[in-house]
Amino acid sequence: MKTSQIILLMFIAFLILTTGCIKEYERNDPYISISDYSIEENFDGNQDNILNKGEKARIYISVLNSGGCVAENLKANVTSSNSYIEINDFYSVLNWSNVLIDSISDGLDGVYRPKALVFIEVDNSALLNSNFNLNFDFYDVLDNHWIDSLSLSIQPTSANIILDIVEVIESFSDASYRYFTFYPYLKNIGYSSTQDVWSLSSVSDTLIALTSYGNNPLPYGDIDPGESVKVNSSFAKFKIPIELHTPYTFKMLFEIYDKYENLWCDSTCIKIDP
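Position labels on residues start from 1 in each chain and follow its written sequence. In keeping with the model being predicted, local features are shown solely for residues with a pLDDT of at least 70 and side-chain atom pairs are shown and tallied solely at 80 or more, while totals for entire chains, interfaces and linings include all residues. Side-chain metrics rest on all non-hydrogen atoms present in the structure, leaving aside hydrogens and water.

A. Spotlight on the sheet that holds strand β5 (residues 93-99). For two strands to pair, DSSP has to find at least two bridges joining them. Comment: elements are numbered from the N terminus, with helices defined as DSSP H or I runs of at least four residues and strands as E runs of at least two. Pairing in this open sheet of 4 strands is antiparallel, and the strands run β5-β3-β8-β9 from one edge to the other. Only two strands of the sheet have a single partner each, and these edge strands are β5 and β9 (145-154). Looking at each pair of strands side by side, their axes are set apart by 25 degrees on average, direction ignored. Where strand β3 (residues 71-80) meets β5, 5 bridges bridge the pair, whose relative direction is antiparallel. From the neighbouring strand, Ala 71 faces β5, where its bridge partner is Val 99. Note on definitions: angles span 0 to 180 degrees between N-to-C directions of axes, and those axes are lines fitted to C-alpha atoms, for helices only across the stretch in contact.

B. How the structure looks around the pattern of salt bridges. We define a salt bridge as a side-chain nitrogen of Lys or Arg found within 4 Å of a carboxyl oxygen belonging to Asp or Glu. Enumeration over the complete set of coordinates arrives at 2 salt bridges. Between Lys 230 and Glu 167 there is a salt bridge; the shortest N-O distance is 3.8 Å. Of this pair, Lys 230 sits in strand β15 (residues 228-230) while Glu 167 sits in strand β10 (residues 161-173); the two residues are 63 residues apart in sequence, bridging distant segments of the chain. The class of Lys 230 is partly exposed, set by a relative accessible area of 32%. Note that Glu 170 and Arg 178 form a salt bridge whose closest N and O atoms lie 2.9 Å from each other. Under the scheme applied here, a residue whose accessible area is under 20% of the maximum for its type counts as buried, over 50% as exposed, and between as partly exposed, the area being computed with a 1.4 Å probe on protein chains only. Residue Glu 170 is classed as partly exposed on the basis of its relative accessible area, which comes to 39%.

C. Fine view of unusual backbone geometry. The step from Thr 246 to Pro 247 runs through a cis peptide bond, and the omega angle for that step is 5 degrees. Along the polypeptide, Pro 247 turns up in the loop between β16 (237-241) and β17 (248-257). One non-glycine residue, Asn 129, adopts positive backbone phi at about 60 degrees. Looking at the element boundaries, Asn 129 is found in the loop between β7 (117-122) and β8 (130-139). Classification of Asn 129 by relative accessible area gives exposed; the value is 58%.

D. Examining the sheet that holds strand β14 (residues 218-223) more closely. Pairing is antiparallel across the open sheet formed by 4 strands, whose spatial order is β14-β12-β17-β18. Taken across any chain shown, the strands that pair with only one partner, and hence form the sheet edges, are β14 and β18 (263-272). The sheet shows a mean angle of 30 degrees between the axes of neighbouring strands, direction not considered. Across 4 bridges, strand β12 (residues 194-203) lies against β14 in antiparallel orientation. Bridge assignment links Trp 198 to a residue of β14, and that residue is Pro 219.

E. Geometry of a nonpolar patch on the surface. Taken together, Val 70, Leu 100 and Ile 101 make up a surface patch of nonpolar side chains, about 230 Å² in accessible area. In this fold, Leu 100 is placed in the loop between β5 and β6 (103-105). According to the relative accessible area criterion, Leu 100 is exposed, its value standing at 52%. Residues enter patches when their relative accessible area tops 30% and they take part in no salt bridge; the joining distance is 9 Å for like charges and 5 Å for the nonpolar side chains Val, Leu, Ile, Met, Phe, Trp and Tyr. Shrake-Rupley sampling with a 1.4 Å probe provides the accessible areas, and residues are treated as covered by the protein chains on show and by no other component.

F. Just the nonpolar core, in detail. Here, nonpolar core means buried Ala, Val, Leu, Ile, Met, Phe, Trp, Tyr and Cys residues that are tied together by side-chain atoms lying within 4.5 Å of each other. The biggest cluster of nonpolar side chains holds 30 residues, and the ones touching the most others in it are Ile 61, Trp 96, Val 118, Leu 134, Phe 136 and Phe 138. Contributing elements (two or more residues each) for this core: β1 (32-40), β2 (56-65), β3, β4 (85-87), β5, β7, β8 and β9. In terms of nonpolar packing, the next biggest core, distinct from the first, is built from 26 residues, Tyr 220, Ala 236, Ile 240 and Ile 256 among them.

G. Representation of the packing of aromatic side chains. Working definition: a ring pair exists when centres of Phe, Tyr or Trp rings (six-membered ring for Trp) sit within 6.5 Å. Plane angles under 30 degrees give stacked, over 60 give edge-to-face, the rest tilted. Counted under the stated rule, the structure contains 8 aromatic pairs. Considering the side-chain rings of Phe 182 and Phe 238, the 5.9 Å spacing of their centres and the 40 degrees angle between planes classify their relative orientation as tilted. Of this pair, Phe 182 sits in strand β11 (residues 177-188) while Phe 238 sits in strand β16; the two residues are 56 residues apart in sequence, bridging distant segments of the chain. With respect to burial, Phe 182 and Phe 238 carry one shared label: buried. Among the aromatic residues, those joined into a ring-pair cluster are Phe 180, Phe 182, Phe 238 and Phe 250. Think of it as a cone above the ring: NZ of Lys or CZ of Arg counts as a charge over the ring if it is within 6 Å of the ring centre and within 35 degrees of the ring normal. Between the NZ or CZ atom of Arg 58 and the centre of the ring of Phe 119, over which it lies, the distance is 5.9 Å.

Written out as structure tokens, the structure reads:
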């Protein structure tokens, strides 16, 4: 056999052997991917576990090791694909410690961080029903890397605020006007609470005038599902001319807002008795 043929056979054998080793090595590597996640808003949010505008949320990440050996001291760097999603730097590196073969890990970041989590804040300028990714660069003590992403969306709040009733009390009168204080109640007929609710009132009737306080924001605080809340202020007033014939009915309009920049509109008819 010629020397060149021997060299060629030796090279082919080397390729077969090394290819087998590479495959064996790959088969015995860890392989990390996202297994599951959950959203928690217990600290700053409306507790519907849905990402809304203006909310802060913790996103807990579980990982799966479907490889052939332990992923030692597994960590991950996380970034967002959306400029309106801010990741708290303290939670930008996640830690799962050692992840065993064919097992799922929730992570372990110490006594105060018992699970691997990402702490995010959704800007008020974010678009509703928009999608974004949290991108994860997983790595272990041997500097193996795995890339995965989690797709999330910014959704409208599941709270739904309507005008319940409006209490009207006549305050006093002078030579020209009768003055009334009104107390709107707002009710949440949705499925989640919402925070820092306030409203703006207006009337389109030229015979009815809101006083200087009447069209200022009216505060209600937080409103839970099924709850009806009275305005936290007695400054909402309107006046009517003394010469107005009563009974008289007019429409009052309300724009209702919360801390997440949601908007609800409602109205009611107010009747003025003689």
